[in-house]
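Coordinate inspection notes
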Amino acid sequence: MAQINPSILSADFARLADEAKAVQGADWLHVDVMDNHFVPNLTLGVPVVESLSRATKTPLDCHLMIEDPDRWAPQYVEAGAGSVTFHVEAAAAPVRLAREIRAKGARASMALKPATPIEPYEDLLPELDMLLIMTVEPGFGGQSFLDIMLPKIRRTRELISKHGLELWLQIDGGVSASTIERCAEAGADVFVAGSAVYGAHDPAEAVRTLRSLAEQ
Ligand code: DX5
Ligand code: ZN
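Residues numbered from 1 in each chain as written. Chains lettered and ligands numbered in written order. Predicted model: local features only at pLDDT ≥ 70, side-chain atom pairs only at ≥ 80, totals over all residues.

Looking at an unreviewed UniProt entry, the protein carries the name Ribulose-phosphate 3-epimerase, with the source organism given as Streptomyces violascens. Under the heading Function (unreviewed entry), UniProt records this for the protein: "Catalyzes the reversible epimerization of D-ribulose 5-phosphate to D-xylulose 5-phosphate." Heading Catalytic activity (unreviewed entry) of the UniProt record for the protein holds this comment: "D-ribulose 5-phosphate = D-xylulose 5-phosphate". (UniProt positions renumbered as here; feature names shortened; annotations may be inferred.)

Turning our attention to the confidence of the model for the protein. On average, residues of the protein score 98 in pLDDT, and 100% of them reach the 70 mark or higher. The complex model carries a pTM of 0.98, and its ipTM stands at 0.99. (pLDDT = per-residue confidence, 0-100.)

Let us now look at the UniProt feature "active site" (unreviewed entry) in the protein. Within this structure's numbering, the places UniProt gives as "active site" (unreviewed entry) are Asp 32 and Asp 172. Across 141 residues, the annotated set stays spatially compact, with a maximum C-alpha separation of 10.6 Å. Mapped onto the elements, Asp 32 comes out in strand β2 (residues 29–34). By the C-beta count within 10 Å, which is 25 here, Asp 32 ends up buried. Those residues in contact with Asp 32 that sit more than four places away from it in its chain are Ser 7, Leu 9, Thr 43, His 63 and Met 65. By the secondary structure assignment, Asp 172 is in strand β7 (residues 168–172). For Asp 172, the residues in contact, after removing those within four places along its chain, are His 63, Leu 132, Met 134, Thr 135 and Val 192. (Helix = DSSP H or I, 4+ residues; strand = E, 2+ residues; numbered from the N terminus. Buried ≥ 20, exposed ≤ 12 C-beta atoms within 10 Å, placed from the backbone. Contact = placed C-beta atoms within 7 Å.)

Neighbouring residues of ligand 1: 22 residues in total, closest Ser 7, Leu 9, Gly 141, Gly 194 and Ser 195. Mapped by element, the contributors of at least two residues to the shell around ligand 1 are β2, β8 (190–193) and α7 (195–198). Grouping the amino acids of the shell around ligand 1 by side-chain chemistry returns eight nonpolar, 12 polar and two charged. (Near = placed C-beta within 6 Å. Nonpolar A, V, L, I, M, F, W, Y, C, P; charged D, E, K, R; others polar.)

Further remarks concern the UniProt feature "binding site: substrate" (unreviewed entry) in the protein. UniProt marks Ser 7, His 63, Gly 139, Phe 140, Gly 141, Gly 142, Asp 172, Gly 173, Gly 174, Gly 194 and Ser 195 with the feature "binding site: substrate" (unreviewed entry), using the numbering shown here. Relative to the elements of secondary structure, Gly 194 occurs in the loop between β8 and α7. Taking the number of C-beta atoms within 10 Å as the measure of exposure, Gly 194 has 25 and is therefore buried. Beyond its immediate sequence surroundings of up to four residues, Gly 194 is in contact with Ser 7, Leu 9, Ser 10 and Gly 141. The residue Ser 195 is located in helix α7 in this model.

This paragraph deals with the nonpolar core. Counting 66 residues, the largest nonpolar core has Val 84 and Phe 191 as the members making the most contacts within it. Counting residues per element, this core draws most heavily on strand β6 (residues 130–134), at five residues. When neighbours within four sequence positions are excluded, Val 84 is seen to be in contact with Cys 62, Leu 64, Ala 73, Tyr 76, Val 77, Ile 101, Ala 106, Ala 108 and Ser 109. (Core = buried A, V, L, I, M, F, W, Y, C linked by C-beta atoms within 7 Å.)

Listed below in structure tokens is the structure:
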């Protein structure tokens, strides 16, 4: 079953609670946390996640594009995130961090930027509930999908199958009605979509359309 996670990066930040309700039927709400160090953009932090988790029943999928996730990620679990993704490029101790996120009661997820290969991390996969393969350089919504990531998605799906793991394979960046089928075919099962959902006239309808394309 494909999961569709709208990214509130493309929503109206002055109306976050309403924007969360506008995508009813979505599996998770994707919350992009940026610190202007790991990526050249700044968004929101722990207090906003705390408020948002009270404002919506949709579980929060927090994507931390920040330095020092070892220090911050556990605070996002405490703030109410159901899933916390840290970048392996920024984590000092990814295994310890994944274990801490799980121990605090959230799903632990690790992200790879486009130039970061999956192979060195094969042995870490059992420590994770989800792996995120970025299909754009992180930092901004509305960028074009990087087709050159499809082989990495495919290889990662093969590794997951080889080890008999349950972990979800998420992709993020440039996901739209014209790219989602290729990603699903390559083996992704969790799809983040910002502009394709919040840029649509009817965001809830856009979620349904993406889901049906991914499940074809
Ligand atoms: C980019 C963020 C994405 C972003 C995706 O760094 O991680 O979650 O919101 O936006 P679209 O779907 O517009 O590419
Ligand atoms: Zn994201």
